[in-house]
Structure formats: C-alpha cells, structure tokens
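What follows is each chain in one-letter form.
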Amino acid sequence: MVAAFLLIAVVLTVGVVLVGTAAGLIAAPLGVRILAIAALILFLFLVARGGRRFRRLAINVSELVDAAGRIEAGDYGVQVAERGPREVRSFARAFNAMSARLAATDRHRRAFVADLAHEFRTPLAIIRGQAEGIGDGVYPADGAHLAPILDATESLERLVEALQTMTLADVGSLGLRREAVDVSVLVSSSLSAFQSMADAAHVKLAAEIGPDTPAIDADPARIRGVLANLLSNAIRHTPAGGIITVSARRAADTITIAVRDTGQGIPEELRPRVFERFVKAPGSPGAGLGLAIAKDIVVAHGGTIDLTSEVGKGTEVRFTLPIAH
C-alpha cells in the first residue's frame, strides 16, 4: 500500500513538472518547453493506458477475492475468468485448478462417507436384530444365535482397522517397521496360512521363487497383509480345479511379486477402478477396501501395484518392493 502511494506521488510530481514546463510557468528555453509538451502528451497517453490497465487489474482481483469468499463459504466449484495481464491470468488459472481439486475432493469425501455408512449399517443391523431377539426371548442365547453377533462384530473390527490404515496412509503417517525380509519365507508362510481355504475350494497353490532372489526392505506384517488380501481374493474367484501361483522376480533394485490365478477375471469396466475405495465386483462379500489398502501399503513402501485380467482366464496382480541393502 505504501509503495502504491509513493508511485502515485511520483507520477503526480512528474505530471506537475511537465505541465508547468509546457505552460512556461517554469523558466526554460523554448526548445525545452516544446520537448516538455511532447513529453506531457506521451505522459498523458501512458497514464490513460495505465489507468485502463489498473481498472482491469482491479476488476480481476475483485473477482478473485469474491471467488475466494465463495470457496470459504463451501462453494468449492467456483471458477473465475482467465483474463487480464499475464500474471493475473496465471494466477486465475492456478485458482481454477485449485477450485476444481477442492470440488473433486469434496465429492469423494461425500461418496466415501455414504459408502462407509452403508458398510457399517449391515453388521450393526445384524447385531441389533440378534440382540433384540435374544433379549425378547425370541431366540435362545446359545452359540447358534450368538455367532451372527460375533461375526458382525469381527466385520466391524476389520472395517475400523481398514479405515485406520487408510487414514494414516492419507496423511503420510502409516507406520512401517522395515527390515530385510526373505521373499521365499514370506511367500511360503503366506501360502501355508491359506492352504486350508484353498483345499476347501479345491484350488491348488504354487510358488515360483528363484533361489537367488534377494531380500526386500519391507514391513513383514504389512506385506503379509497385502499377500493375504490378494490370495483370499484369488481363492474366492477361482473355480475348483484352478491354480494360484505366487512368483517373484528381480528388476534392477526392486522385486516384483505377482499373484496369478486362473479364475473368472475382472470385468473390463471395473478394472480401472479396482484400487479405489469401496469398489468391488457384484456379489463380493467384502467392503471393497482390500485392494485400496494394499495399494496404500505398497505405495508407503515406495513401490507400485497394478494388475492385468481377462474375463474367463484369470487375473494377475503385481506389486514392487525395494531390495534390502
């Protein structure tokens, strides 16, 4: 503000001097007064142009201030016209990009809350229904009627744990207890944990791990959780007689671990969104958070995760982790 007043004072001073010189009020030779008249005309022209530019700038800044106020009030989708001087256009463009991101974030937040409420509603309804039935004497308080309550409680616990993991990942605070992890031991222990589930589904489990595969730098508990999610998904969606293979191969300073099945595959329209939250195939018993959490964990390790799938032929999910040094 002080700089603006100083600039106005300088402009007015120069203007007064030029007017005085051109009018002959200030003693000066005739040639100097002619030059002063020419300079005065140029000065007035520049002031007129500068005034118009200043008015346009003031209008653009006023629009930006008004738009910022609307965003503060919750209108995240507001946009401003990208016009005026180059600097103002650049600022307006950045403002519009920020506004668009805020609007998208708000939409995702609302959708997330709606999906979350839906996922909580089912187990809570089961708990309430069974508890009221037992309390009213409609159901006996035996194991058969308490089991649905326990199952629903476990579902809520898993959901709360998943939400905690995602929240920590969102703010970059997902704690990792990293150490050198033997890939062959990691894979074999994960396959052993799911052997009974695979036997019940009449699905074969196999591993393809080279003897010289180096250790990875990872949190073993977190990565076992990733493998557990991928294996349980694969077993659920692989018909009897199918095979699920876990492999590992080195590429530069990373290890790529892949879980490949011969199952039903993922519909094409669903593939681009499988790592998003609450996205699941029709009929899937889960909440649609498993792959989203797997992605959060892998990314927290500095790795990547992707998949390929073909309906009727199977799916392969791959994720990379850094080699331990």
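Figured I'd write up the structure that's included with this text. Owing to the predicted nature of the structure, the values given are computational and were not obtained by experimental measurement.

For the protein, the count of helices and strands is eight helices and seven strands. By the burial criterion, 33% of the 325 residues in the protein qualify as buried. Of the contacts made within the protein by residues no fewer than 6 positions apart, 64% connect residues no fewer than 24 positions apart. When the accessible surface of the protein is totalled, it reaches about 19,300 Å², and 61% of it is carbon and sulfur.

Moving on: the packing of helix H7 (residues 220-236) against helix H8 (residues 290-300). Contact geometry of H7 with H8 gives a least axis separation of 10 Å together with a crossing angle of 150°. The pairing of H7 with H8 is recorded here as roughly antiparallel in orientation. Between H7 and H8 lies a crossing whose hand is left-handed. Two secondary-structure elements touch here, H7 through Arg 222, Ile 223, Val 226, Asn 229, Leu 230 and Asn 233 and H8 through Gly 290, Leu 291, Ala 294, Ile 297 and Val 298. Of the residues in the contact of H7 with H8, the class split is seven nonpolar, three polar and one charged.

Turning to the pattern of salt bridges, a few remarks are in order. Within the structure shown, the criterion is met by eight salt bridges. Residue Arg 318 is joined to Asp 306 by a salt bridge in which the shortest nitrogen-to-oxygen separation is 3.3 Å. Taken together, the residues span a long stretch of sequence, with Arg 318 in strand E7 (residues 314-322) and Asp 306 in strand E6 (residues 305-310) at a distance of twelve residues. A single salt-bridge network, built from bridges that share partners, covers Glu 208, Arg 260, Asp 306, Glu 316 and Arg 318.

Counting residues in each nonpolar core, the largest one holds 48 residues, and the members touching the most others are Ile 216, Ile 244, Val 246, Ile 257, Val 259 and Phe 319. Top contributing element to this core by residue count: H7, with seven residues. Setting aside its immediate chain neighbours within four residues, Ile 244 contacts Val 203, Lys 204, Leu 205, Ala 206, Leu 231, Ala 234, Ile 235, Thr 238, Val 259, Arg 260 and Asp 261. Among the nonpolar cores identified, the runner-up in size contains seven residues, and Ala 67, Ile 71, Val 78 and Val 80 belong to it.

As a further point, take the sheet that holds strand E4 (residues 243-251). As summarised here, the arrangement of the five strands in space is E2-E4-E5-E7-E6, forming an open sheet in which the pairing is mixed. Looking at which strands have only one partner, the edges of the open sheet turn out to be strand E2 (204-209) and E6. Each strand of the sheet is rotated relative to its neighbour by a mean of 15°, with strand direction disregarded. Judged from the seven bridges that link them, strand E5 (residues 254-261) and E7 form a sheet pairing that is antiparallel. Within E7, the position partnered with Val 259 by the bridge is Val 317.

Moving on, we get to the pairing of E5. For E5, the buried fraction is high: six of the eight residues fall into the buried class. Pairing of E4 with E5, which is carried by eight bridges, proceeds in the antiparallel orientation. Bridged to Ser 247 within E5 is Ala 258. Taking the residues that link successive antiparallel strands as the turn, the E4-E5 hairpin has two residues, and the phi of Ala 252 there is positive, at about 60°.

It is worth spelling out helix H3 (residues 86-135) at this point. Since the α-helix advances by 3.6 residues per turn, residues separated by three or four positions end up pointing in the same direction. Compared with the 74 Å implied by 1.5 Å per residue over 50 residues, the 72 Å span of H3 between its first and last C-alpha is a close match. A positive backbone phi angle near 85° is found at Gly 137, which sits one or two residues after H3.

Taken together, the side chains of Asp 151, Glu 154, Glu 157 and Glu 161 present a region of like negative charge at the surface. Position of Glu 161 relative to the elements: it lies in helix H4 (residues 143-170). Judged by its relative accessible area of 52%, Glu 161 falls in the exposed class.

Let us look at the packing of helix H5 (residues 183-193) against H7. In contact at an axis separation of 10 Å, H5 and H7 are set at 50° when each is read in the N-to-C sense. Relative to H7, the element H5 lies oblique. For the pair H5 and H7, the sense of crossing is right-handed. Every residue of H7 that contacts H5 at Leu 186, Ser 189, Ser 190 and Leu 191 is listed here: Pro 220, Ile 223, Arg 224, Leu 227 and Leu 231.

Moving on, we come to the environment of Asp 212. By the element assignment, Asp 212 lies in the loop between E2 and strand E3 (216-218). Classification of Asp 212 by relative accessible area gives exposed; the value is 67%.

Now for the side chain of Ser 232. In this fold, Ser 232 is placed in helix H7. Given the relative accessible area of 13%, Ser 232 is considered buried. For Ser 232, the residues in contact, after removing those within four places along its chain, are Phe 194 and Met 197.

Here the focus is the environment of Ala 68. Structurally, the position occupied by Ala 68 is in helix H2 (residues 30-72). Classification of Ala 68 as partly exposed rests on a relative accessible area of 36%. The spacing of Ala 68 and Gln 79 is eleven residues in sequence and 9.7 Å in space, taken between C-alpha atoms.

Cut-off values and rules
- Here the residue numbering is sequential within each chain, running from 1 through the sequence in written order.
- Given that this is a predicted model, residues contribute local features only at a pLDDT of at least 70 and side-chain atom pairs are listed and counted only at 80 or more, while totals for whole chains, interfaces and linings are drawn from all residues.
- Think of the side-chain values as coming from all heavy atoms in the structure, minus any hydrogens and water.
- The way it works is that DSSP assigns letters per residue, a run of H or I at least four long becomes a helix, a run of E at least two long becomes a strand, and they are numbered from the N terminus.
- Each residue is assigned to one of three classes by its accessible area relative to the maximum for its type, calculated with a 1.4 Å probe on protein chains only: buried under 20%, partly exposed between the two thresholds, exposed over 50%.
- By definition in these notes, contact holds between two residues if any of their heavy atoms fall within 4.5 Å.
- Only the protein chains shown count as cover for residues, and the accessible areas themselves come from Shrake-Rupley with a 1.4 Å probe.
- Orientation is described by lines fitted to C-alpha atoms, with helices fitted over the stretch in contact, and by angles between N-to-C directions that extend from 0 to 180 degrees.
- With respect to orientation, any angle under 35 degrees is reported as roughly parallel, any angle over 145 as roughly antiparallel, any angle of 65 to 115 as roughly perpendicular, and every other angle as oblique.
- Rotating anticlockwise by less than a right angle from the far helix to the near helix defines a left-handed crossing, while the corresponding clockwise rotation defines a right-handed one.
- Gly is put with the polar residues, along with every residue not named as nonpolar or charged; the nonpolar set is Ala, Val, Leu, Ile, Met, Phe, Trp, Tyr, Cys and Pro, and the charged set is Asp, Glu, Lys and Arg.
- Here a salt bridge means any side-chain nitrogen of Lys or Arg lying within 4 Å of a carboxyl oxygen belonging to Asp or Glu.
- What we call a nonpolar core is a set of buried Ala, Val, Leu, Ile, Met, Phe, Trp, Tyr and Cys residues that are connected through their side-chain atoms within 4.5 Å.
- Criterion used throughout: strands pair if DSSP finds at least two bridges between them.
- Working rule for helices: expected span equals 1.5 Å times residues minus one.
- Each patch groups residues whose relative accessible area exceeds 30% and which form no salt bridge, using 9 Å between like charges and 5 Å between nonpolar side chains of Val, Leu, Ile, Met, Phe, Trp and Tyr.
- Charge assignment in this entry is limited to Lys and Arg as positive and Asp and Glu as negative, and neither His nor the chain termini are counted.
- Charge positions come from single atoms, namely NZ of Lys, CZ of Arg, CG of Asp or CD of Glu.

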